[in-house]
Amino acid sequence: MTISILAYDAKSGTFGGAAATGSLCVGGWVLRGDVRSGLSASQGTSPSTLWGEDALALMNAGVSAQDAVAELTKGDPGRDHRQLSVLDCAGRTAGFTGHESVAHAGVLAADCLVVSGNMLTDGAVLTAARDGYLNAPGSMPLRLLAALTAAQEAGGDIRGFKSAALLQLHPDQAPLSLRIDYAEEPLAAMHDLYARATSQPYVGWTQVVPTRSDPYRSKTA
């Protein structure tokens, strides 16, 4: 089972994604992002990391989220075993769920937000993740983690979560890419890692590295 959420905050210009699964290394398999093009989440029983990477390339070339999904899925004979969700730089979203995806599987897509999952206990898990994000206060990463927690509490996966990942992108900030590749309680571990990553001295170091809007930034004497 994998559940993922991609979001865009138009007011702040922040992109964010999160994912969790009952297997290992969900971040390496599922989440991809580029502040110039958007986000992608590729998952399923035979996930294609190429789908995720190629979706970003297409959107960076100006292709919409919907057209990127259509282009990538139409010619892949293994598409019935895969899922893909994308969010482009304009906040448009789209998703695909292959016919052989393990039930319950599906996508909830809206402007600036898309949730997708497979091997869920039922469709309420997707709704819980969406509402968990929309109703949570605080920073985008905390809202994304609230979405994963809500999904888990709604039933999630009978295997339980074993890995989790979190991604935040903004043109004026260093990327935040956190992964728990294996843990008995990966969401708790992710909360702890996020707290460390947003505290000194680490956060101070991230404020002097290059960013997309300031590609030559460095520590000054």
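Calculation notes
- Residues numbered from 1 in each chain as written.
- Predicted model: local features only at pLDDT ≥ 70, side-chain atom pairs only at ≥ 80, totals over all residues.
- Heavy atoms only, no water.
- Salt bridge = Lys/Arg side-chain N within 4 Å of Asp/Glu carboxyl O.
- Helix = DSSP H or I, 4+ residues; strand = E, 2+ residues; numbered from the N terminus.
- Buried < 20%, exposed > 50% of the residue type's maximum accessible area, 1.4 Å probe, protein only.
- Axes fitted to C-alpha atoms, helices over the stretch in contact; angles between N-to-C directions.
- Parallel < 35°, antiparallel > 145°, perpendicular 65-115°, else oblique.
- Left-handed = near helix turned anticlockwise from the far one by under 90°.
- Contact = heavy atoms within 4.5 Å.
- Nonpolar A, V, L, I, M, F, W, Y, C, P; charged D, E, K, R; others polar.
- Polar contact = N/O pair within 3.5 Å; in protein donor to acceptor, adjacent residues only side chain to side chain.

Turning our eyes to something else, we now look at the pattern of salt bridges. This structure, assessed with the given rule, holds eight salt bridges. Between Asp-192 and Arg-196 there is a salt bridge, with its nearest N and O atoms 3.1 Å apart. Of the two residues, Asp-192 and Arg-196 both sit in helix α6 (residues 186-197), four residues apart, roughly one turn of that helix. The class for Asp-192 is partly exposed, based on a relative accessible area of 40%.

To continue, consider the packing of helix α4 (residues 124-135) against helix α5 (residues 140-153). Two elements in contact, α4 and α5, have axes separated by 7 Å at closest approach and are oriented at 150 degrees. Considering the angle they form, α4 stands roughly antiparallel to α5. Considering the relative orientation of α4 and α5, their crossing is right-handed. Contacts between α4 and α5 involve Val-125, Ala-128, Ala-129, Gly-132, Tyr-133 and Leu-134 from the former and Met-140, Arg-143, Leu-144, Ala-146, Ala-147, Ala-150 and Ala-151 from the latter. For the contact of α4 with α5, the residue count by class is 11 nonpolar, one polar and one charged.

For Thr-211, the position within the fold is in the segment after α7 (202-206). What makes Thr-211 buried here is its relative accessible area of 7%. A polar side-chain atom of Thr-211 sits 3.5 Å from the main-chain carbonyl oxygen of Pro-171. Sequence-distant contacts of Thr-211, that is, excluding residues within four places in its chain, are made with Pro-171, Asp-172, Gln-173, Ala-174 and Arg-217.

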